[in-house]
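Each chain, written out:
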Amino acid sequence: MLYLLSSWKTYGSLILALAISFMAVFTPATTAASFQKIPMEQAIREAKESHEMERTMKIRQMKTQRNLEETLGTKGALPTQYQYDVHYYRMQMRVDVDAQLVYGRVDQMSTATQDNVTFCDIDLYANMIIDSVRVDNSLTTFTRNGNVFRVDLPTPVNTGGQFTVQTFYRGHPVEGGFQAFAFETVQSQTLVSTLSEPYLARTWWPCKDYPDDKADSADVIVTYPSEMFCTSNGTMASDIDNGDGTRTTYWKERYPITTYLISLTMSDFKHWRDWMKYTATDSMPVDYWVFPDDSEAAVPGYAPTVPMLDTLSRIFGLYPFINEKYAMSAFNWGGAMEHQTNTSIIWGYYDQSMIVHEMGHQWWGDMITCRDWHHIWMNEGFATYVEALWFESLGGFTDLRSYMNGMRYTWGGTIYCTDTTDVNAIFSSRVYDKGAWALHMLRHVVGDETFFSIFRTYYADPRYKWKDITTEDFRDLCEQVSGIDLHGFFQDWIYGQYYPKYSYSYLSEPRGTNSYRVYVHVRQTQSTTPTAFRMPVIDVSVYAGSYVDFQVPMMDREEDYVFDLKDVAAPTGVAVDRNDWILKTTASESYTVHVIYDTLMTGLKSVSYQDSVIVRGGTKPYTYGITSGSLPAELTLNAATGIVSGIPTDTGTVTFTVSATATSGGSDSKQITMRIAPKPQAPYVPGDANDDNIVDISDVVSLIAYIFSGGSAPVPLTAGDANADCAVDISDAVYLISYIFSGGSAPLPGC
Ligand SMILES: [Zn+2]
């Protein structure tokens, strides 16, 4: 049976448009600009609460998904679905609220990515009834296999060829513990709402349900009871009273969108509108749809929305969907969901952390989406750090620091989600909170200016904008913008577990009046993996009347630093990362024996060499030894003095480990790298062809012998190039004779 929506006839007349939706507008009691800065403890408490709600909600979605898979035997992404690339969805749907049924038609326009594509696999849960399928308006055959159906293409399509599959279907969207498509009564209002992340769009509409294939645009056209209003993505193109107790609302999304972000929310909402004024003459609507009983509290509760849009636009780049809108629509799931241009948000809660988190997703999650759920931190860690940036914009660094300390995550597991069937792993607070910490740490490693430049580059980069991304893409982008090697940093923080435990100690030596040399030893004591977190920058500070801060790399499990301080009081303490830029613990300990440097001075082949291994701590004298590797040939280490000396006979770089034992018994060893370079060529006298350090007639004789009768070449050859014309020939002999006998110009350095 071919099902036709009753409202199709109205597509041609999109004129009536806005009349009905504005019936529900009411005037807010307060203005949008007035909102309260909340105490940091409250902000942190609310953030934890809203993260918990969002995570719990998404986990329940996943559990629903899992239950459904058990019941319906769905499959994961099929390789055959990569035979085509979707670029447009047109969803036309009638929602029978009383019967809890949907009747739909979805047009999926795609391009073949290979030759001879003969079928198209589309996701749709098995309980939905497919009445018919057309390809480019011609009826075709299809087969169902669990939660995927295969559409036969009447003629094979080659690379670049386009085809549109039109699926006519109906049914009651499946229910698990929760539904992706919910019919509910809330505050005496009928509510229909959707939440499809991560895999549930296919429970209510046919699509290629993976975030790595965004449609370039989508249309959502919904017919439903006229006393309700349906909100969705993008801009409203029309809203028509069908005169039969139903209305049809047409939403156009003209920015790329992934399937899990397409949503519907319908109820008898109260609506009001703010404006984001982003230039002197341009504004974007900011819409709110709330339950009537909630509207008094919602107006002041949502007052920070426009200031947040301004703030995030200033930090990252203009709100991505600026030609459309930003909106929040009330729903009844615990938490909120970043539906593109139309966040769904639990009624009755106005936490700033939640509001700004979902808004942040419009950039990070919606405009740029994690390629698959392994990289979910690219959505959730980013949105969580957006919360911290918002509170920083209000309260400065102090609030940023407090907020991040409220988000400390100290348990195991990796930020990268290794098992995307583990619902708790995808939406773990590790992904949210530790993911945000990864960005916070990155910020300090590259510096504020570069960090925000990374975001603005990320925002604009055509490789990622409107597309998807992985951790490695982002790492490479950060390296490109910062010029810093971040492979170790990303590897340790995104794929490693736990955090570094730093133990530090120091030794201060006077170096003249009010000057000190301070030796600081920092080691990582964690027994978890990685045993050494690689940080291109950490802060090590010496307290000498006030803090003197140094930024140093900490790339190994143990590091020794040497700081020279002038015009300071005597040092009385040391701190590591005193401003909490790193997720870590610290402890101080007493300074023991340490070999300080991991290099010795570079030597020259055949030139007498001397340098010392430097050791501090414990009681002198020390006893030195080589415990592995060996010194460059013909050099020796004096076991009593630590002096390395001799005349090296080979060039090259060697590594060896030196140990030092103090009289008091403590000892240390360190791997040392040392290079022996070739002896540079000795200087020469221009025109001194026979290398006797004077220029006279014997050089002319030598030069003529070289040029004409196989005599010795000048050493170096360029010494014979008296006229500096880059050739040693008779003209140089003539030049020399002129100089020696008739006051001509002196020989020049060769070319
Ligand atoms: Zn989120």
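Values in this document were obtained by computation on a predicted structure and should not be read as measured data.

1. What to know about the packing of helix H3 (residues 305-316) against helix H5 (residues 377-406)
Part 1 of the argument: Axis separation between H3 and H5 bottoms out at 11 Å; the angle between their running directions is 105°. Looking at the two axes, H3 sits roughly perpendicular to H5. Residues Pro307, Met308, Thr311, Leu312, Arg314, Ile315 and Phe316 of H3 form the contact with H5, whose participating residues are Val386, Leu389, Trp390 and Ser393.

2. Some details on the environment of leucine 78
Part 1 of the argument: Mapped onto the secondary structure, leucine 78 falls in the loop between helix H1 (40-72) and strand E1 (84-96).
Part 2 of the argument: Sequence separation between leucine 78 and isoleucine 122 is 44 residues; the distance between their C-alpha atoms is 9.4 Å.

3. Concerning the nonpolar core
Inside soluble globular proteins, nonpolar side chains tend to come together where they are buried.
Part 1 of the argument: Of all hydrophobic cores here, the largest spans 178 residues; its most connected members are Trp364, Tyr458 and Phe474.
Part 2 of the argument: Among the elements that take part in this core, H5 stands out by supplying twelve residues, more than any other.
Part 3 of the argument: Split by domain, the residues of this core number at least three in each of domain 1 (14-370) and domain 2 (501-591).
Part 4 of the argument: Excluding residues that lie within four positions of it along the chain, tryptophan 364 makes contacts with Phe316, Met378, Asn379, Phe382, Val386, Phe455, Tyr458 and Tyr459.
Part 5 of the argument: Membership of the second largest hydrophobic core comes to 19 residues, among which are Val593, Val613, Val658 and Ala662.

4. Observations concerning helix H4 (residues 352-363)
Part 1 of the argument: End to end, H4 covers 17 Å across twelve residues, agreeing with the expected 16 Å (1.5 Å per residue, within 8%).
Part 2 of the argument: In terms of burial, H4 is a largely internal element, twelve of the twelve residues being buried.
Part 3 of the argument: Along H4, the positions that sit buried rather than exposed are Gln352, Ser353, Met354, Ile355, Val356, His357, Glu358, Met359, Gly360, His361, Gln362 and Trp363.
Part 4 of the argument: Positive phi shows up at glycine 365, right after H4, with a value of about 140°.

5. Focus: the packing of helix H7 (residues 429-446) against helix H10 (residues 487-494)
Part 1 of the argument: In the contact formed by H7 and H10, the axes pass within 11 Å of each other and the chain directions differ by 160°. The angle between H7 and H10 places the two elements in the roughly antiparallel class. For H7 against H10, the interelement crossing comes out right-handed. Of the residues in H10, those touching H7 at Lys434, Ala438, Met441, Leu442 and Val445 are Phe489, Phe490, Trp493 and Ile494.
Part 2 of the argument: Each residue belonging to the contact of H7 with H10 can be placed in one class, and the counts come to eight nonpolar, no polar and one charged.

6. A closer look at helix H8 (residues 448-460)
Part 1 of the argument: The first and last C-alpha atoms of H8 sit 19 Å apart over 13 residues, in line with the 18 Å expected at 1.5 Å per residue.
Part 2 of the argument: Listed in full, the buried residues belonging to H8 are Phe451, Ile454, Phe455, Tyr458 and Tyr459. End-on view of H8: buried residues confined to an arc of 135°, all on one side of the axis.
Part 3 of the argument: In this fold, the buried residues of H8 make contact with H3, H4, H5, H7, strand E22 (468-469) and helix H9 (471-482).

7. A word on the confidence of the model for the protein chain
Part 1 of the argument: Confidence in the prediction for the protein chain averages 91 pLDDT; 92% of positions are at 70 or higher.
Part 2 of the argument: Considering only residues more than four positions removed or in separate chains, one finds that residues 1-32, a stretch of pLDDT under 50, has 65 contacts.
Part 3 of the argument: Below a pLDDT of 50 lies the segment residues 71-75, which in the model reaches 14 contacts outside its immediate sequence neighbourhood of four places, other chains included.

8. A word on unusual backbone geometry
Part 1 of the argument: The peptide bond linking threonine 529 to proline 530 adopts the cis configuration, its omega dihedral lying at 5°.
Part 2 of the argument: The topology assignment puts proline 530 in the loop between strand E24 (516-524) and strand E25 (535-543).
Part 3 of the argument: The omega torsion of the bond from valine 715 to proline 716 falls at -15°, within 30 degrees of zero and hence cis.
Part 4 of the argument: Tracing the sequence through the fold places proline 716 in the loop between helix H11 (697-709) and helix H12 (730-742).
Part 5 of the argument: For aspartate 567, which is not a glycine, the phi torsion comes out positive at approximately 55°.
Part 6 of the argument: Secondary-structure assignment places aspartate 567 in the loop between strand E27 (558-565) and strand E28 (573-576).
Part 7 of the argument: Relative accessible area serves as the criterion here: at 70%, aspartate 567 is assigned to the exposed category.
Part 8 of the argument: Here the phi dihedral of alanine 724 falls at roughly 55°; this positive angle occurs in a residue that is not glycine.
Part 9 of the argument: Tracing the backbone shows alanine 724 in the loop between H11 and H12.

9. Details of the pairing of strand E6 (residues 142-145)
Part 1 of the argument: Note: E6 against strand E7 (residues 148-157), four bridges, orientation antiparallel. Along E7, the bridge assignment pairs asparagine 145 with valine 148.
Part 2 of the argument: Hairpin connection, E6 to E7: the antiparallel pair is bridged by two residues, and glycine 146 has positive phi, about 65°.

10. Considering the pattern of salt bridges
Part 1 of the argument: Tallying each qualifying case throughout the model produces 25 salt bridges.
Part 2 of the argument: The partner of aspartate 448 in a salt bridge is arginine 443, and the shortest N-O contact between them spans 2.8 Å.
Part 3 of the argument: Note on aspartate 448: relative accessible area 39%, which makes it partly exposed.
Part 4 of the argument: Judged by its relative accessible area of 2%, arginine 443 falls in the buried class.
Part 5 of the argument: With its nearest N and O atoms 2.7 Å apart, the salt bridge here joins aspartate 461 to arginine 463.
Part 6 of the argument: The network of salt bridges with shared partners includes Arg401, Asp577, Asp580 and Lys584.

Reading the values: rules and limits
- Residues numbered from 1 in each chain as written.
- Predicted model: local features only at pLDDT ≥ 70, side-chain atom pairs only at ≥ 80, totals over all residues.
- Heavy atoms only, no water.
- Axes fitted to C-alpha atoms, helices over the stretch in contact; angles between N-to-C directions.
- Helix = DSSP H or I, 4+ residues; strand = E, 2+ residues; numbered from the N terminus.
- Parallel < 35°, antiparallel > 145°, perpendicular 65-115°, else oblique.
- Contact = heavy atoms within 4.5 Å.
- Core = buried A, V, L, I, M, F, W, Y, C linked by side-chain atoms within 4.5 Å.
- Buried < 20%, exposed > 50% of the residue type's maximum accessible area, 1.4 Å probe, protein only.
- Domains from an automatic or database assignment.
- Expected span 1.5 Å × (residues − 1).
- Left-handed = near helix turned anticlockwise from the far one by under 90°.
- Nonpolar A, V, L, I, M, F, W, Y, C, P; charged D, E, K, R; others polar.
- Arc of directions from axis to C-beta.
- pLDDT = per-residue confidence, 0-100.
- Pairing = 2+ DSSP bridges.
- Salt bridge = Lys/Arg side-chain N within 4 Å of Asp/Glu carboxyl O.

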